[in-house]
Amino acid sequence: MSRKPLIAGNWKMNCDAASAVTLARDVLQRTSRLRNVDIAVMPPFPLIPAVLRVLDGSPIGVGGQDVSAELAGAYTGETSASMLTSLGCGYVLAGHSERREYHLESDELVRRKVGRALDAGLIPIACVGEKLAERDAGETFSRIERQVTVGLGGLTPAEMARVVIAYEPVWAIGTGRTASPAQAEEVHEYIRNLLTTMYGSEIASATRILYGGSVKPGNARELMSQKDVDGALVGGASLSGEDFAAIAESAG
Ligand code: 13P
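The structure displayed is predicted, hence computed values, not measured ones.

A.B. asks: How would you explain helix 2 (residues 48-55) if you had to name every residue and give the values?
C.D. replies: For helix 2, a buried count of six out of eight residues is recorded, marking the element as mostly surrounded by other parts of the structure. Listed in full, the buried residues belonging to helix 2 are Ile 48, Ala 50, Val 51, Leu 52, Val 54 and Leu 55. Those residues of helix 2 that are buried are in contact with helix 1 (17-31), strand 2 (38-42), strand 3 (61-64) and helix 3 (81-87). Remark: Gly 57 follows helix 2 within two positions and exhibits a positive phi of approximately 80°.

Written as structure tokens, this is what we have:
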């Protein structure tokens, strides 16, 4: 099963209205000749309309960094899935480790967010990953198992077919300390085997599993060449059009 790689840029809480437009233009220009890779950017919520204006009509997808688990109503500060769809977003992150860490998001909450995203027609990129202490304690696989079975449990096969997973070891995020290609592949293969148990081999083999955590132009090619690594969720390096495009090139 050949899976088209996806390179997604998580801009986190960076940029302002002007620099977001500049960055979006730069990404558009530098990636325009790439055909064999899907590309998406996740700007902060208030900057999404400006970025969409730049990327309108282009193949570059735009997404939110988070989504509410609620449909609508008195939830101050939240952003609903249908708001993102109505703007023209195609993707949304769910359960990023920074949301889990700073906003205490549980696997159960992530599952509800994934459901809202799917119901609104978005492609959820569900993030999983162990902390350093969990890895050191030999708990990597049990942590990932819970995140995947709870966070992505009970979907219909048609729903699961639209989900993207991002494996982001927490100890590799923003630290410059990336997982080795073998460390990444080991967990990606584990996730795919879990999906086979949950949803069958056809869906498991079609699901894109991205790697995230200090992906840079210098390490992207080797990571992307692993059998079960189908792209990248890029943080810091996605703030440079040049670096982000170089990473996309190494996948496509
Ligand atoms: P860095 O690429 O900055 O390590 O961030 C990874 C990440 O969290 C992407 O969502």
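Structure shown, so let's carry the discussion forward.
A.B. asks: Lay out the nonpolar core with the relevant residues and their values.
C.D. replies: Ranked by internal contacts, the top residues of the largest apolar core, which has 66 residues, are Ile 7, Val 114, Met 160, Ile 165, Ile 191 and Tyr 211. In this view, Val 114 contacts Ala 94, Pro 124, Ala 126, Gly 151, Leu 152, Leu 155 and Val 163; residues no more than four positions away in its chain are not counted. Ala 8, Ala 40, Ala 166 and Leu 210 belong to the second-largest nonpolar core, a separate cluster that totals twelve residues.

A.B. asks: Give a detailed account of the packing of helix 1 against helix 12 (residues 241-251), specifying residues and quantitative values.
C.D. replies: It is at 9 Å that the axes of helix 1 and helix 12 come closest, and there the two elements cross at 35°. Judged by the twist between their axes, the crossing of helix 1 over helix 12 is right-handed. Facing Leu 23, Asp 26, Val 27, Arg 30 and Thr 31 of helix 1, the residues of helix 12 in contact are Gly 241, Glu 242, Phe 244 and Ala 245. In terms of residue class, the contact of helix 1 with helix 12 is built from four nonpolar, two polar and three charged.

A.B. asks: Please give an account of the pairing of strand 6 (residues 164-167) that cites residues and values.
C.D. replies: Consecutive side chains along a regular strand alternate between the two faces of the sheet. Residues Val 164 and Ala 166 line one face of strand 6 and the alternating positions Ile 165 and Tyr 167 line the opposite face, and both faces are buried. Relative to strand 6, strand 5 (residues 123-128) runs parallel, the two being bridged by four bridges. By the bridge assignment for strand 6, Cys 127 is matched with Ala 166.

A.B. asks: Give me the lowdown on the pattern of salt bridges, citing residues and values where you can.
C.D. replies: Across all of its chains, the model carries 23 salt bridges by this definition. Ionic pairing is found between Glu 134 and Arg 143, a salt bridge with its closest N-O pair at 3.5 Å. Here Glu 134 falls in the buried class, since its relative accessible area comes to 17%. Through salt bridges with shared partners, a single network forms among Arg 3, Glu 185, Glu 189, Arg 192, Lys 227, Asp 228 and Asp 230.

Cut-offs used in this document
Residues numbered from 1 in each chain as written. Predicted model: local features only at pLDDT ≥ 70, side-chain atom pairs only at ≥ 80, totals over all residues. Heavy atoms only, no water. Buried < 20%, exposed > 50% of the residue type's maximum accessible area, 1.4 Å probe, protein only. Helix = DSSP H or I, 4+ residues; strand = E, 2+ residues; numbered from the N terminus. Contact = heavy atoms within 4.5 Å. Core = buried A, V, L, I, M, F, W, Y, C linked by side-chain atoms within 4.5 Å. Axes fitted to C-alpha atoms, helices over the stretch in contact; angles between N-to-C directions. Left-handed = near helix turned anticlockwise from the far one by under 90°. Nonpolar A, V, L, I, M, F, W, Y, C, P; charged D, E, K, R; others polar. Pairing = 2+ DSSP bridges. Salt bridge = Lys/Arg side-chain N within 4 Å of Asp/Glu carboxyl O.

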